[in-house]
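Here are the chains, one letter per residue:
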Amino acid sequence: MIDSACADAGRDAASVRLLAVSKRHPVAAIRKLQAQGQLAFGENYVDEALEKQAALADVDIEWHYIGPIQSNKTRDLAAHFQWVQSVDREKILKRLSAQRPDDLPPMNICLQVNVDAEPQKAGAAPADLPGLAELAGGLPGLRLRGLMCIPRATDSITQTRASFARTRECFEALCVAGHELDTLSMGMSGDIAPAIAEGSTMVRVGTALFGPRD
Ligand SMILES: *Cc1c(COP(=O)(O)O)cnc(C)c1O
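Nothing here was measured: the structure is a model prediction, and the numbers come from that model. For every chain, the first residue of its written sequence is number 1, and the numbers climb from 1 along that sequence. Local features in this predicted model are restricted to residues whose pLDDT is 70 or higher, and side-chain atom pairs enter the listing and the counts only when it is 80 or higher, whereas totals over whole chains, interfaces and linings include all residues. Hydrogens and water molecules were not included; the side-chain quantities draw on all heavy atoms of the structure.

A. View of unusual backbone geometry. Of note, the phi angle at Arg24 is positive, near 60°, even though the residue is not glycine. Elements are defined by DSSP. Helices are runs of H or I of four residues or more, strands are runs of E of two residues or more, and each kind is numbered from the N terminus. Following the sequence through the fold, Arg24 ends up in the loop between β1 (17-21) and α2 (27-35). Of note, Ala117 is a non-glycine position whose phi angle comes to about 50°, a positive value. Looking at where Ala117 falls in the secondary structure, it is placed in the loop between β5 (107-113) and α6 (129-138).

And the structure:
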């Protein structure tokens, strides 16, 4: 799917990473995909993720947290994940920085953008991104990598693509402002092609890899 979307967009397939979203799928399914060469896995619930990590401690996995963040969970995130993609406020950046253990490399961070200004959805407003990026860039223990978005649920590919385009514009503005970013995390099972057409460098795929969740 990534290959054909890249071919359609005139992009090199190697420019898009696959994050396997394993929330609510069992350890055995992760183990199987890891054995086939998949490195990066994404989880949405901290407690579920910690249990899986313990059960998979014998294999090499890069863990990404992509779910909503409660501030009382940042210590677990800081200690047990290589990436947190769903950071949307100052307090979380400061806590992850302060709590990142000194013996680990900097935590890779994406700022989540609420690109369609949906009231119930996590994510920072586009107008708040420059300030958050500035803060993230100055904090020890963090490495700002880019942006993540989840567009409004709609049947219109045109609208979804426009949301991805706006996220890319936010990303480009941060790059122009001097941030060295390499990650535009956009696209899930249902919208991989428009995300890749708009410049995604990482698609987060659950259902299309593992089948439906319970
Ligand atoms: C669940 C989830 C995904 C994967 O969704 P699928 O439609 O199953 O591919 C991607 N990103 C985030 C943030 C998610 O919560």
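B. Inspection of the layout of surface pockets at higher detail. Buriedness of a pocket was judged along seven lines, with at least five required to meet protein on both sides within 12 Å; pockets are open sets of points on a 1 Å grid over the protein atoms alone, cavities are sets where a 1.4 Å probe fits but cannot get out, and lining residues have an atom within 4 Å of a point. Grid points are joined across faces, edges and corners, and a volume is the space filled by probe spheres set on the points. As a volume, the largest pocket reaches approximately 320 Å³. Along its surface, the largest pocket is lined by 17 residues, and Lys23, Asn44, Ile66, Ile150 and Met188 are the ones closest to its centre. Under the grouping applied here, Gly and all other residues not named as nonpolar or charged are polar, the nonpolar ones being Ala, Val, Leu, Ile, Met, Phe, Trp, Tyr, Cys and Pro and the charged ones Asp, Glu, Lys and Arg. Among the residues forming the lining of the largest pocket, the class breakdown is 7 nonpolar, 6 polar and 4 charged.

C. Representation of the nonpolar core within the structure. Residues enter a nonpolar core if they are buried and are Ala, Val, Leu, Ile, Met, Phe, Trp, Tyr or Cys, with the set joined through side-chain atoms within 4.5 Å. The rule is simple: take the accessible area with a 1.4 Å probe, protein chains only, and divide by the maximum for that residue type; under 20% is buried, over 50% is exposed, in between is partly exposed. Among the nonpolar cores identified, the biggest contains 43 residues, and Val84, Val87, Leu96, Ile109 and Leu147 are the most heavily contacted of them. The residues contacting Val84, other than those within four sequence positions of it, are Tyr65, Ile69, Leu77, Leu96, Met107, Asn108, Ile109 and Cys110. Note on contacts: a residue pair is in contact if any heavy atoms of the two residues lie within 4.5 Å.

D. Main features of the site of the ligand. A molecule or strand has a residue near it when one of that residue's heavy atoms lies within 4 Å. Val21, Lys23, Asn44, Ile66, Ile150, Met188, Ser189, Arg204, Val205, Gly206, Thr207 and Arg213 make up every residue found near the ligand. Any pair of nitrogen or oxygen atoms within 3.5 Å is treated as a polar contact; in protein, a donor-acceptor pairing is required on top of that, and neighbouring residues in sequence qualify only through side-chain atoms on both sides. Ser189 is positioned such that a nitrogen or oxygen atom in its side chain is 2.5 Å from an oxygen atom of the ligand. Burial of the ligand by the surrounding chains reaches 89%, relative to a free accessible area of 390 Å². Of the residues in the shell around the ligand, the class split is 5 nonpolar, 4 polar and 3 charged. To measure how exposed things are, a 1.4 Å probe is used in the Shrake-Rupley method; for residues, cover is taken only from the protein chains shown.

E. Helix α5 (residues 90-99), seen in detail. Residues of α5 that are buried: Ile92, Leu93, Leu96, Ser97 and Gln99. On the buried face of α5, the contacting elements are α4 (74-80), β4 (83-87), β5, α6 and β6 (142-149).

F. The arrangement of the packing of aromatic side chains in detail. When the centres of two rings from Phe, Tyr and Trp lie within 6.5 Å, Trp using its six-membered ring, the rings pair. Their planes under 30 degrees apart give stacked, over 60 give edge-to-face, and anything left gives tilted. Taken as a whole and judged by the stated rule, the model has 2 aromatic pairs. Ring plane angle 45° and centroid distance 6.4 Å describe the contact between Phe41 and Trp63, whose orientation is recorded as tilted. Residue Phe41 is located in strand β2 (residues 40-43), and its partner Trp63 is located in strand β3 (residues 62-65); the two are separated by 22 residues in the primary sequence. A relative accessible area of 0% places Phe41 in the buried class. When its relative accessible area of 6% is taken as the criterion, Trp63 is described as buried. Relative to Phe81, the ring of Tyr65 lies with its centre 5.6 Å away and its plane at 75°, an arrangement referred to as edge-to-face. Residue Tyr65 is found in strand β3, and its partner Phe81 is found in the loop between α4 and β4; the two are separated by 16 residues along the sequence. Across the pair, Phe81 and Tyr65 agree in class, each one buried.

G. Main features of α2. Those residues of α2 that fall on the buried side of the exposure criterion are Ile30, Leu33 and Gln34. All buried residues of α2 project into a common sector of 100° when viewed along the axis, lining one side. Those residues of α2 that are exposed and angled more than 90 degrees off the buried face are Ala28, Lys32 and Ala35. Buried positions along α2 lie against β1, β2, α3 (46-55), β3 and α9 (207-210). Directly after α2, the chain includes Gly37, whose backbone phi takes a positive value near 110°. The directions considered for the arc run from the helix axis to the C-beta atoms.

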